[in-house]
Amino acid sequence: MADKKIELTKRGKESLESELRNLIDVVRPEVIEEIKAARAQGDLSENADYDAAKDRQAKVEHRIKEIEEILANAIVIDDKPVNTEVVALGTKVTFRDLSDGTKKTVTIVGSVEANPLIDNISNECPLGVAMIGKHIGEKTLVNSQVPYEVEILNIALVR
């Protein structure tokens, strides 16, 4: 990840910065206290509380390092009103899956911000790649394991 530039929306960058501050200012001190409390219990060789605290510490430190690397390599993409005529990072897209006729709305975000559970899809996933640069009414092939075609129905700006 060191040399690869990572596209983020302004909101995505702010979210990562907030998470980083919380990890450094709140979670890290909590974990340090948990380790101190576990050490105070005596023998560390069979101390489950100590092992759990050290494991949590490793996870927190890993996430801090991960976020710092992402932010160091981030390119903030302007996701404010630009153009609702073309699918781009930061747009909300309604499309029809032509294989089954279903309609769906997704928001195109950078890969770090992607969360399919809340319909935020990456600009690097097959669907995102297929839709970027397309216009309303345009059909495009999604090159996934089982390719399918979609039609762009609406493009909106994310507020």
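Residues numbered from 1 in each chain as written. Predicted model: local features only at pLDDT ≥ 70, side-chain atom pairs only at ≥ 80, totals over all residues. Heavy atoms only, no water.

A. Layout of the pattern of salt bridges. Under the criterion given, the structure shown has 11 salt bridges. Its salt-bridge partner being glutamate 66, residue arginine 63 comes within 2.6 Å of it at the nearest N-O pair. Taken as a pair, arginine 63 and glutamate 66 lie in helix α2 (residues 48-72) at a separation of 3 residues, close to a single helical turn. Close ionic contact of lysine 104 with aspartate 119 constitutes a salt bridge, the shortest N to O distance being 2.9 Å. With a gap of 15 residues between them, lysine 104 in strand β4 (residues 103-109) and aspartate 119 in the loop between β4 and β5 (120-122) connect regions that are remote in the sequence. Since its relative accessible area comes to 27%, aspartate 119 is described here as partly exposed. Each of the salt bridges in this network shares a partner with another, and the network as a whole consists of Glu19, Arg63 and Glu66. (Salt bridge = Lys/Arg side-chain N within 4 Å of Asp/Glu carboxyl O. Helix = DSSP H or I, 4+ residues; strand = E, 2+ residues; numbered from the N terminus. Buried < 20%, exposed > 50% of the residue type's maximum accessible area, 1.4 Å probe, protein only.)

B. Region of interest: the sheet that holds strand β7 (residues 148-157). Strand order in this open sheet of 5 strands is β5-β4-β3-β7-β6, and the pairing throughout is mixed. Unpaired on one side and paired on the other, β5 and β6 (139-142) mark the two borders of the sheet. Direction aside, neighbouring strands of the sheet carry axes that sit 45 degrees apart on average. Across 7 bridges, strand β3 (residues 91-97) lies against β7 in antiparallel orientation. Counted as the bridge partner of arginine 96 is glutamate 151 from β7. (Pairing = 2+ DSSP bridges. Axes fitted to C-alpha atoms, helices over the stretch in contact; angles between N-to-C directions.)

C. Broad picture of the nonpolar core. Core analysis: the largest hydrophobic core is formed by 16 residues, its most contacted members being Leu23, Val60 and Ile64. For this core, the secondary structure elements donating two or more residues are β1 (6-9), α1 (10-39) and α2. At 8 residues, α1 tops the list of elements feeding residues into this core. Among residues more than four places away in sequence, those in contact with leucine 23 are Arg28, Pro29, Val60, Arg63, Ile64 and Ile67. Among the nonpolar cores identified, the runner-up in size contains 14 residues, and Val106, Val142, Ile152 and Ile155 belong to it. (Core = buried A, V, L, I, M, F, W, Y, C linked by side-chain atoms within 4.5 Å. Contact = heavy atoms within 4.5 Å.)

Any functional reading would require information beyond the geometric quantities listed.
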